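These are the residues of each chain, in order.
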Amino acid sequence: MMKKLLFIIPNFNSGGAEKVTINIVNLLSNKYKVTLLVFDSKGLYLKLLNENVELINLNTKKLRNSLIKIVLLFYKLKPNMVFSSLLHINIYLIIIKILFYWNLKIILRESNMPVKNTQRNKMLYFVYRYMYKVSNFIIASSNIMRDEFINYFKTNENKIHFIPNPIIFFKNQTIKINKNFFYKNKINLFSIGRLTDQK
């Protein structure tokens, strides 16, 4: 029997965690039965989703409006694995696993540097130090992040792995670069992303 994989994102808006999740979903959809659960199906990234991915839209807009529906959906679908890449959803999955589905396998991907997060919110130390240990697998988006989990939050080295963000290239995709964009005889710095702590 083909394994059932369930992925959760809030919507298809143009966020990094959403894009990474959609890329992973598309890559795995040819080998597994993949379901993508969203709270709202609106957003720019909807058009990127493969046709063979089952889409479930709860029409709840936010996680706090979806709590009971998610628990009932797990009971109905009985997924072999659940994946999330956003902190607030990660926390809720851990709570579900503890209270209702201890045998549920959950994979958590962390999007931001955890030590930096704890500097903003001290309660997150408890989340990373103790609650994340309930998960079956943790994905770090960099080796530095992986080291933070191991050294600061005592995460088992066998539980956390560095997996770089997947990039999907489409056939016949080309990128045009204006040659006049760069300065000659000067150092040019090129960056993609917001100028924030996460980047």
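Our subject is the structure listed above.
Residues numbered from 1 in each chain as written. Predicted model: local features only at pLDDT ≥ 70, side-chain atom pairs only at ≥ 80, totals over all residues. Heavy atoms only, no water.

1. Let's talk about the environment of Lys105
Right, so step 1: Checked against the element boundaries, Lys105 lands in the loop between helix 3 (87-99) and strand 5 (106-110).
Right, so step 2: Measuring from C-alpha to C-alpha, the distance between Lys105 and Ile167 comes to 25 Å, with 62 residues separating the pair along the chain.
Right, so step 3: The residues contacting Lys105, other than those within four sequence positions of it, are Asn80, Met81, Val82, Lys97 and Asn136. (Helix = DSSP H or I, 4+ residues; strand = E, 2+ residues; numbered from the N terminus. Contact = heavy atoms within 4.5 Å.)

2. What to know about helix 2 (residues 67-77)
Right, so step 1: Turning to helix 2, its buried residues are Ile70, Val71, Leu73, Phe74 and Leu77. Looking down the long axis of helix 2, one finds its buried residues gathered within 160° of arc, a one-sided arrangement. Seen from the open side of helix 2, the exposed residues pointing more than 90 degrees away from its buried face are Ile68, Leu72, Tyr75 and Lys76.
Right, so step 2: The inward-facing, buried residues of helix 2 contact strand 1 (4-8), strand 2 (33-38), strand 3 (54-57), strand 4 (81-84) and helix 3.
Right, so step 3: Directly after helix 2, the chain includes Lys78, whose backbone phi takes a positive value near 50°. (Buried < 20%, exposed > 50% of the residue type's maximum accessible area, 1.4 Å probe, protein only. Arc of directions from axis to C-beta.)

3. So, the nonpolar core
Right, so step 1: Membership of the largest hydrophobic core comes to 37 residues, with the highest contact counts inside it found for Ile8, Leu37, Ile70, Phe74, Val82, Leu93 and Tyr132.
Right, so step 2: At the level of elements, strand 1, helix 2, helix 3, strand 5, helix 5 (123-129), strand 6 (137-140) and helix 6 (143-152) are the ones that each hand at least two residues to this core.
Right, so step 3: Aside from chain neighbours lying at most four places away, what touches Leu93 is Ile8, Phe74, Val82, Ser84, Ile106 and Leu108.
Right, so step 4: Of all hydrophobic cores here, the second largest spans 18 residues; its members include Val25, Tyr45, Met81 and Ile139. (Core = buried A, V, L, I, M, F, W, Y, C linked by side-chain atoms within 4.5 Å.)

4. Details of the packing of aromatic side chains
Right, so step 1: In this structure the tally under the stated criterion is ten aromatic pairs.
Right, so step 2: Residues Phe74 and Tyr101 carry aromatic rings whose centres are separated by 6.2 Å and whose planes lie at 65° to one another, so their mutual orientation is edge-to-face. Of this pair, Phe74 sits in helix 2 while Tyr101 sits in the loop between helix 3 and strand 5; the two residues are 27 residues apart in sequence, bridging distant segments of the chain.
Right, so step 3: Ring centres of Phe149 and Phe153 lie 5.9 Å apart, and the angle between their planes is 55°; on these two criteria the pair is classed as tilted.
Right, so step 4: By the ring-pair criterion, three or more aromatic residues cluster together here, those being Tyr125, Tyr128, Tyr132, Phe149 and Phe153.
Right, so step 5: Just above the ring of Tyr75 sits the side chain of Lys78; from NZ or CZ to the centre is 4.5 Å.
Right, so step 6: One Lys or Arg, Lys97, reaches over the ring of Trp102 and ends 5.3 Å from the middle of that ring. (Phe/Tyr/Trp six-rings, centres within 6.5 Å; stacked < 30°, edge-to-face > 60°. Lys NZ or Arg CZ within 6 Å of the ring centre and 35° of its normal.)

5. Comments concerning helix 6
Right, so step 1: Here helix 6 has its buried residues at Met145, Arg146, Glu148, Phe149 and Ile150.
Right, so step 2: Once helix 6 ends, the next one or two residues include Lys154, with phi positive near 55°.

6. What about unusual backbone geometry?
Right, so step 1: Unlike most non-glycine residues, Lys61 shows phi in positive territory, near 75°.
Right, so step 2: By the secondary structure assignment, Lys61 is in the loop between strand 3 and helix 2.
Right, so step 3: Even without a glycine there, the phi angle at Lys78 is positive, about 50°.
Right, so step 4: Here Lys78 lies in the loop between helix 2 and strand 4.

7. Comments concerning the pairing of strand 2
Looking down a regular strand, the side chains alternate between one sheet face and the other.
Right, so step 1: By the criterion of burial, strand 2 is predominantly enclosed, with five of the six residues buried.
Right, so step 2: One ladder, built from five bridges, connects strand 1 with strand 2; its direction is parallel. Across the sheet, Ile8 pairs through a bridge with Leu37, a residue of strand 2. (Pairing = 2+ DSSP bridges.)

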